[in-house]
Structure formats: C-alpha cells, structure tokens
Amino acid sequence: MPAGAGRHGLPQGRRLCWLLCAFTLKLCQAEAPVLEEKLSVSTSNLPCWLVGEFVVSEECSPCSSFQAKTTPECGPTGYVEKITCSSSKRNEFKSCRSALMEQRLFWKFEGAVVCVALIFACLVIIRQRQLDRKALEKVRKQIESI
C-alpha cells in the first residue's frame, strides 16, 4: 500500500505548511496596515505636502489619545509629524512611520521567520527518522527472507 493511501486531503505535513504560511501572511498584514488614499484630479482637496514642498516642524512622534480621536492622520500608523507648507505657510499633520515602530515590526518578522524555520527543521528530523525506520525494516525483512 503506497504511503498516504486511504487518506483524504493533504498529508499532515502539507496542512501544517499551509497553515503556517497563512498565519504568517495574516500576521504581516495585521502588523503593517497600508492606507490607500484616493487622489482626485483637483489639487485643492489635496494636502499641501502632496502638491508642494514642506518643512518638518516636529519630528515623527506617537499620537496622543486626543490626537488619535481628532486627527485622521493618526489612524494608519499611530504616529504623526507636524509640517509647514512652503507655499501657503500652513501647518498640517502628516502620517509617518517611526524608526521604533519599524524596528519592532522587523523583530516580529525575524521572530516569525525563526519560529517557522524551527518548526520545519523539526518536521525534517521527524520525517528523516520515519524514513530511516522504514529503510531498516526493509533491510531486516530482506535479511530474514534469506
């Protein structure tokens, strides 16, 4: 009887592989949300930092609880920087990604990669032991038949 005969669906190892891949993909999507902004043809609706030059007045910093509720720019990342537009001299807020947040995302990703590597290393070791046992059993049967 061939290996895996009589079972329906994917073998256990492949199911685990797909499960881990799906989990890692969901984890990455949850950690790095991307906000797509719809740009209209009219430049009057656009923030000045998309249209012209600007100067950063305050560096990228975490939003306060008040800013998080009142400033829509805090939504995508939770960080905001204050900018001054060169042409209109208007102060505006712009969403930004902080180095600390990027560092945390990087280490979370690295941790996930290491965990997945360890899981697959264990699966390889388990499979190798199974194959070694089958080979030894085959040799034992051949020796007994002599």
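Model, not experiment: these values are computed from the prediction.

Rules of the game
- Residues numbered from 1 in each chain as written.
- Predicted model: local features only at pLDDT ≥ 70, side-chain atom pairs only at ≥ 80, totals over all residues.
- Heavy atoms only, no water.
- Helix = DSSP H or I, 4+ residues; strand = E, 2+ residues; numbered from the N terminus.
- Buried < 20%, exposed > 50% of the residue type's maximum accessible area, 1.4 Å probe, protein only.
- Areas by Shrake-Rupley, 256 points an atom, 1.4 Å probe, with all protein chains shown as cover.
- Phe/Tyr/Trp six-rings, centres within 6.5 Å; stacked < 30°, edge-to-face > 60°.
- Disulfide = S-S within 2.5 Å.
- UniProt positions renumbered as here; feature names shortened; annotations may be inferred.
- Salt bridge = Lys/Arg side-chain N within 4 Å of Asp/Glu carboxyl O.
- Contact = heavy atoms within 4.5 Å.
- pLDDT = per-residue confidence, 0-100.

Q: An account of the overall build of the chain is requested, with residue identities and associated values reported.
A: Within the chain, the secondary structure is distributed over 4 helices and 3 strands. Among the 146 residues that make up the chain, the fraction classed as buried is 14%. For the chain, the computed accessible surface area is about 11,800 Å², with 63% contributed by carbon and sulfur atoms.

Q: Run through the packing of aromatic side chains, naming residues and quoting values.
A: Using the criterion set out here, one finds 1 aromatic pair in the structure. On the basis of an interplanar angle of 75° and a centroid distance of 5.0 Å, the ring pair of Phe 106 and Trp 107 is categorised as edge-to-face.

Q: Please set out the state of the cysteines residue by residue, giving values where relevant.
A: According to the stated counting rule, one finds 2 disulfides in the structure shown. In this model Cys 63 forms its disulfide with Cys 74; the gap between the sulfur atoms is 2.1 Å. Disulfide Cys 63 to Cys 74: torsion about the S-S bond roughly -100°, handedness left-handed. One end of the pair, Cys 63, is in the loop between strand E1 (54–62) and helix H3 (65–70); the other, Cys 74, is in the loop between H3 and strand E2 (79–85), with 11 residues separating them in the sequence. Considered together, Cys 63 and Cys 74 belong to a single accessibility category, that of buried residues.

Q: So, the UniProt feature "transmembrane region" (unreviewed entry) in the chain: which residues are in play, and what are the values?
A: As recorded in UniProt, the feature "transmembrane region" (unreviewed entry) lies at residues 105–126. Span residues 105–126 is 100% helix and 0% strand, its end C-alpha atoms 32 Å apart.

Q: Hey, could you go over the pattern of salt bridges for me, with residue numbers and the actual values?
A: A pair can form between side chains of opposite charge whenever their charged atoms are brought close. A complete count under the given rule lists 4 salt bridges for this structure. Put simply, Arg 140 and Glu 144 hold a salt bridge, and the shortest N to O gap is 2.4 Å. One end of the pair, Arg 140, and the other, Glu 144, are both in helix H4 (residues 99–145), 4 residues apart, so they sit about a helical turn from each other. Classification of Arg 140 by relative accessible area gives partly exposed; the value is 38%. The exposure class of Glu 144 is exposed, given its relative accessible area of 54%.

Q: Please give an account of the environment of Arg 90 that cites residues and values.
A: Relative to the assigned elements, Arg 90 resides in the loop between E2 and strand E3 (91–95). The spatial distance from the C-alpha of Arg 90 to the C-alpha of Cys 48 is 8.4 Å, given a sequence separation of 42 residues. Discounting chain neighbours no more than four positions away, the residues touching Arg 90 are Cys 48, Ile 83, Thr 84 and Cys 85.

Q: Account for the confidence of the model for the chain, with residues named and values stated.
A: On average, the chain scores 78 in pLDDT, and the residues at 70 or more come to 74%. Predicted confidence in the chain is weakest over helix H1 (residues 12–31), with a mean pLDDT of 67, and strongest over H4, with 95. Confidence drops under pLDDT 50 across residues 32–41; counting only partners more than four residues distant or on other chains, this segment forms 9 contacts.

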